[in-house]
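Overview (structure and organization)
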Amino acid sequence: MLEIKNLHATVGGKEILKGVDLVVKSGEIHALMGQNGAGKSTLSNVLVGHPAYTVTEGTVTFNGKDLLAMTPDERSHEGLFLSFQQPVEIPGVSMVNFMRAALNAKRKYQGLEPLDASAFLKLMREKRKIVELDNKLTSRSVNEGFSGGEKKRNEIFQMALLEPTLSILDETDSGLDVDALRIVAEGFNKLRTPQTAAIVITHYQRLLDYLKPDVVHVLIDGRIVKTGGPELALEIEQRGFDWIKEEA
Amino acid sequence: MNQYLEFFRTQRQRIDGNSHPVLNAHREAAAAAFERLGFPSQKVERYKYTDVATAFAPNYGISLSGTTDSLRKTESPDNPLALSHYGTLADVDADAITALNTMLVQEVSIIHIPAGIHRENPIQVTHTLHSTAPLMQNRRLLIVAEAGAHVQVLLNERADEGQDFLTTQVTEVFVGEGAHVEIYDIESTHERCHRFHQLFADVAAGGRFTHATFTLSGGLTRNQTDVRLSGEGAEVNLLGCAITDGQQHVDNNTLIDHRAPGCRSRELYKYVVDQQSTGAFAGRVLVRQEAQRTDSEERNANLVCTDEARMWTQPMLEIYADDVKCSHGSTVGQLNDDALFYLRQRGISEAEARTLLKQAFASEVINEIPLEALRQRLHAMVEKRFRSCEDCRLCKKG
Ligand SMILES: Nc1ncnc2c1ncn2[C@@H]1O[C@H](COP(=O)(O)OP(=O)(O)OP(=O)(O)O)[C@@H](O)[C@H]1O
Ligand SMILES: [Mg+2]
């Protein structure tokens, strides 16, 4: 599904990604771990086409297509979704208008008719249930005045609506209380199918307990230096990253 | 300038003949003031952002038989009480355009709400400029809300396509003790329209005045709004939203004069300035020595969408009292890149994302309006303004 080869990228003239290689297949969940500043969010942002990041070398193919040649909205339509580490507040744009515009843009891309207002609201109600998102939140402006945890829950709600094939969760667990984490993780699991895959960035084992990753990667200084099974995450929880750095 | 004076001198009889004697009684002094003042140059502080002389230079026809039908509906020329207010706020000696209007105007629309009366539905006044040749129209509106009266007024201005129009309008508003007056003024004309509006309001003790002006489209627009808070506890809320593109120019110039203690003023103007258009906002808040316990907030926020677009902003706070709470500020910026990217990640195209964010920016002003139906209409009009290409006059021009 996703194949990253020797990816180098800079931001503000500084090289952050220094040759990332990663292959993700349908049905898989990959955990991506690494210390603060290692480049995890940079990798996510590069994949979804954030204009502040410049790819200087390497290739990314997504379902056989050249991902890097697509605009951010095309990448989204092709099935790529990023649950942002820090979702932005957009005063004045209502959640309803935002999500309807997003969903109908995708439907148009797929050659489908736009959903009318009532069908859309019905769909929204269904999807809200998956992450138990409060009705009050979807009647407000996008993320405006949402608590940290509510913003994260809202990200997974959007994912539920857009039904991406590859989701990147950038520290979706941070900011969620213990119960909220369970609800959001279980919601995420309900959205999984054999055709979907995910890259889950996290610092903690708790989320991985729910999501059960197939593969765990460690990113250090812009490179994936170690890859293992779920036990690698447990080991990191115990021992930190220093031993991996020494190995590498 | 001479063409207007000459027109006045030569057509005086016909002008007077079709007008109310109260209007005629003010003409001579207005003509003298206009002759003395002349059109303000851009050296005159309040006119520094708009080239008035050039706007008034072409030869426009002036209709001598009165103005539009819609005006007549609200017109009650034999309302001596209301007419006794005529020209008492709009000082011809202080402003050339007010003088010019007073010299030539032939009709006054009067909205008079007697004491204690609450008008249930808003009064709507629509001006549609029709003409087969370049036309100048001079309009006058007089609103008198006696003590405790409530009224909402909706003004719509439109114009026939493909014609040059020049309008002057002088509005005098008297907000009595404890009265509430709200005026919502929507301009949707086109690039060949020049508009000069002067509004003067006086708010008595405990009165409340709201004025919102939406410039959705037009050519050259100058709105001057002067509000006097003259009784204790009076309140004013001034709102403005301008959406400009092409060669459009919008200049809002406001003065809030705190003359009495314990008054409150709020002011919010937002502009979205695109292509080669220009916007200007100058808002002066004057807090006189006797206006203790003044509470005033003024804000002007602007989105400038291209390198060629220009925005001038000048909030001014002048305080002579010591016990006051005042703030003012202005910002000029572009769309938030993070917000833009967030929308695009969710599959919304760049153009659509920009439209949504511009609409969101303008919606802050619309959401201040208490009338639900009007809010909805304005949201729709603003959306259409940002979105529609079929109706877009720029595309039409080719
Ligand atoms: N827009 C930017 N401008 C300048 N530097 C940036 C920008 N974005 C990221 N960086 C820098 O790139 C490096 C990698 O940042 P990144 O956000 O990818 O780290 P991370 O692995 O996600 O860390 P964390 O675990 O703290 O979220 C950091 O040193 C960061 O300061
Ligand atoms: Mg990060």
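The preceding data block contains the structure.
My aim in this report is to walk through the structure given alongside it, one point at a time.

What counts, and at which threshold
- Residues numbered from 1 in each chain as written.
- Chains lettered and ligands numbered in written order.
- Predicted model: local features only at pLDDT ≥ 70, side-chain atom pairs only at ≥ 80, totals over all residues.
- Heavy atoms only, no water.
- Axes fitted to C-alpha atoms, helices over the stretch in contact; angles between N-to-C directions.
- Helix = DSSP H or I, 4+ residues; strand = E, 2+ residues; numbered from the N terminus.
- Parallel < 35°, antiparallel > 145°, perpendicular 65-115°, else oblique.
- Contact = heavy atoms within 4.5 Å.
- Nonpolar A, V, L, I, M, F, W, Y, C, P; charged D, E, K, R; others polar.
- 1 Å grid on protein atoms, 1.4 Å probe; cavity = no way out; pocket = protein on both sides within 12 Å on 5 of 7 lines; lining within 4 Å.
- Points joined across faces, edges and corners; volume = space filled by probe spheres on them.
- Near = heavy atom within 4 Å.
- Polar contact = N/O pair within 3.5 Å; in protein donor to acceptor, adjacent residues only side chain to side chain.
- Areas by Shrake-Rupley, 256 points an atom, 1.4 Å probe, with all protein chains shown as cover.
- Pairing = 2+ DSSP bridges.
- Buried area = accessible area lost by both parts, 1.4 Å probe.
- Salt bridge = Lys/Arg side-chain N within 4 Å of Asp/Glu carboxyl O.
- Buried < 20%, exposed > 50% of the residue type's maximum accessible area, 1.4 Å probe, protein only.
- Donors = N, O, S within 2.8 Å, 3.2 Å for Na, K, Ca; no water.
- Phe/Tyr/Trp six-rings, centres within 6.5 Å; stacked < 30°, edge-to-face > 60°.

1. A closer look at the packing of helix 1 (residues 2–17) of chain B against helix 3 (residues 27–37) of chain B
All names here are of chain B.
- Helix 3 packs onto helix 1 with a crossing angle of 175° between their chain directions and a minimal axis gap of 11 Å. Considered as vectors, helix 1 and helix 3 are oriented roughly antiparallel to each other. Facing helix 1, whose interface residues are Tyr4, Leu5, Phe8, Arg9, Arg12, Ile15 and Asp16, helix 3 presents Arg27, Glu28, Ala31, Phe34 and Glu35.
- Of the residues contributing to the contact of helix 1 with helix 3, the split by class is six nonpolar, no polar and six charged.

2. Observations regarding empty space enclosed by the protein
Residues and elements named next belong to chain B.
- Overall, the coordinates contain six cavities of 30 Å³ or more when judged by the stated rule.
- There is about 100 Å³ of room inside the largest cavity.
- Taken together, 14 residues line the largest cavity, and the ones lying closest to its centre are Asp185, Arg195, His197, Leu199 and His211.
- Mapped onto the lining of the largest cavity, the elements with two or more residues apiece are strand 6 (165–175), strand 7 (180–188), strand 8 (193–203), strand 9 (208–217) and strand 10 (220–229).
- Examining the composition of the lining of the largest cavity, we find that four residues originate from one element, strand 8, more than from any other.

3. Quick look at the site of ligand 1
Residue and element names in this part refer to chain A.
- As a structural note, the neighbourhood of ligand 1 is formed by 15 residues, with Gly37, Gly39, Lys40, Ser41 and Thr42 the closest of them.
- With respect to ligand 1, the side chain of Asn36 contributes an N or O atom lying 3.0 Å from an oxygen atom.
- At a separation of 2.8 Å, an oxygen atom of ligand 1 approaches a polar side-chain atom of Lys40.
- Burial of ligand 1 by the protein amounts to 65% of the accessible area it has alone, namely 640 Å².
- Put simply, the parts of the chain that give the shell around ligand 1 at least two residues each are strand 2 (14–24) and helix 1 (40–48).
- Residue contributions to the shell around ligand 1 peak at three residues, all from helix 1.

4. Details of the sheet that holds strand 11 (residues 215–220) of chain A
Residues and elements named next belong to chain A.
- The six strands are arranged 6-9-10-3-11-12 in an open sheet whose pairing can be described as mixed. The sheet is open, and its two edges are formed by strand 6 (80–83) and strand 12 (223–228), each paired on a single side. Looking at each pair of strands side by side, their axes are set apart by 20° on average, direction ignored.
- Where strand 9 (residues 166–170) lies against strand 10 (residues 197–201), five bridges are found, and the strand directions are parallel. Paired with Ile168 across the strands is Ile199, a residue of strand 10.
- Relative to the sheet, helix 1 contacts strand 3 (29–33), strand 6, strand 9, strand 10 and strand 11, its axis offset from that of strand 6 by approximately 145°.

5. Details of the interface of chain A and chain B
- Tallying the contact residues gives 28 residues for chain A and 16 residues for chain B.
- Summed over both sides, the interface between chain A and chain B buries roughly 1800 Å², with carbon and sulfur atoms accounting for 68% of that surface.
- Arg344(B) is the partner of Asp73(A) in a salt bridge, and the nearest nitrogen-oxygen pair spans 2.8 Å.
- Across the chain A-chain B interface, the total number found is twelve residue pairs in polar contact (both at pLDDT 80 or more).

6. Topic: the environment of Asn253(B)
All names here are of chain B.
- Among the structural elements, Asn253 can be located in strand 12 (residues 249–258).
- A sequence separation of 55 residues divides Asn253 from Gln198, and the C-alpha atoms of the two residues are 9.4 Å apart.
- With residues near it in sequence (within four places) discarded, Asn253 still touches Arg46, Arg222, Asn223, Gln224, Thr225 and Ala282.
- One polar contact links Asn253 to Arg46, side chain to side chain, over a distance of 2.7 Å.

7. Overview of the pattern of salt bridges
All names here are of chain B.
- The final tally for this structure, using the stated rule, is 44 salt bridges over all chains.
- Here Arg46 makes a salt bridge to Asp226, at a shortest N to O gap of 2.9 Å. Of this pair, Arg46 sits in the loop between helix 3 and helix 4 (52–56) while Asp226 sits in strand 10, placing them 180 residues apart in sequence.
- For Arg46, a relative accessible area of 23% corresponds to the partly exposed category.
- Judged by relative accessible area, which is 12%, Asp226 ranks as buried.
- With a shortest N-O distance of 3.2 Å, Lys358 and Asp274 are connected by a salt bridge. With Lys358 in helix 9 (residues 350–366) and Asp274 in the loop between strand 13 (264–273) and strand 14 (278–287), the pair connects residues that are 84 residues apart, well separated along the chain.

8. Quick notes on the side chain of Gln106(B)
- Within the fold, Gln106(B) resides in the loop between helix 7 (96–104) and strand 2 (109–113).
- A polar contact of 3.2 Å, which involves the side chain of Gln106(B), links it to the backbone oxygen of Ile15(B).

9. A look at the side chain of Asn300(B)
All names here are of chain B.
- Looking at where Asn300 falls in the secondary structure, it is placed in strand 15 (residues 294–304).
- One polar contact links the side chain of Asn300 to the main-chain carbonyl oxygen of Tyr269, over a distance of 3.0 Å.
- Contacts of Asn300, omitting those with residues within four sequence positions, involve Tyr269, Tyr271, Phe281, Met311, Thr313, Gly329, Ser330 and Thr331.

10. Side note on the coordination of the magnesium ion (ligand 2)
Residues and elements named next belong to chain A.
- The protein atoms that coordinate the magnesium ion (ligand 2) are Ser41 (OG) and Gln85 (OE1), at distances spanning 2.0 to 2.1 Å. Of this pair, Ser41 sits in helix 1 while Gln85 sits in the loop between strand 6 and strand 7 (90–94); the two residues are 44 residues apart in sequence, bridging distant segments of the chain.
- Since its relative accessible area comes to 21%, Ser41 is described here as partly exposed.

11. As for the packing of aromatic side chains
- According to the stated counting rule, one finds ten aromatic pairs over all chains in the structure shown.
- Where Phe84(A) meets Tyr342(B), the ring centres are 5.1 Å apart and the plane angle is 40°; that geometry is what we call tilted. In this pair, Phe84(A) is assigned in the loop between strand 6 and strand 7 and Tyr342(B) in helix 8 (residues 337–345), connecting two distinct chains. For the pair Phe84(A) and Tyr342(B), a shared accessibility class is recorded, and that class is buried.
- These aromatic residues form a ring-pair network of at least three members: Tyr4(B), Phe34(B), Phe39(B), Phe56(B) and Phe196(B).

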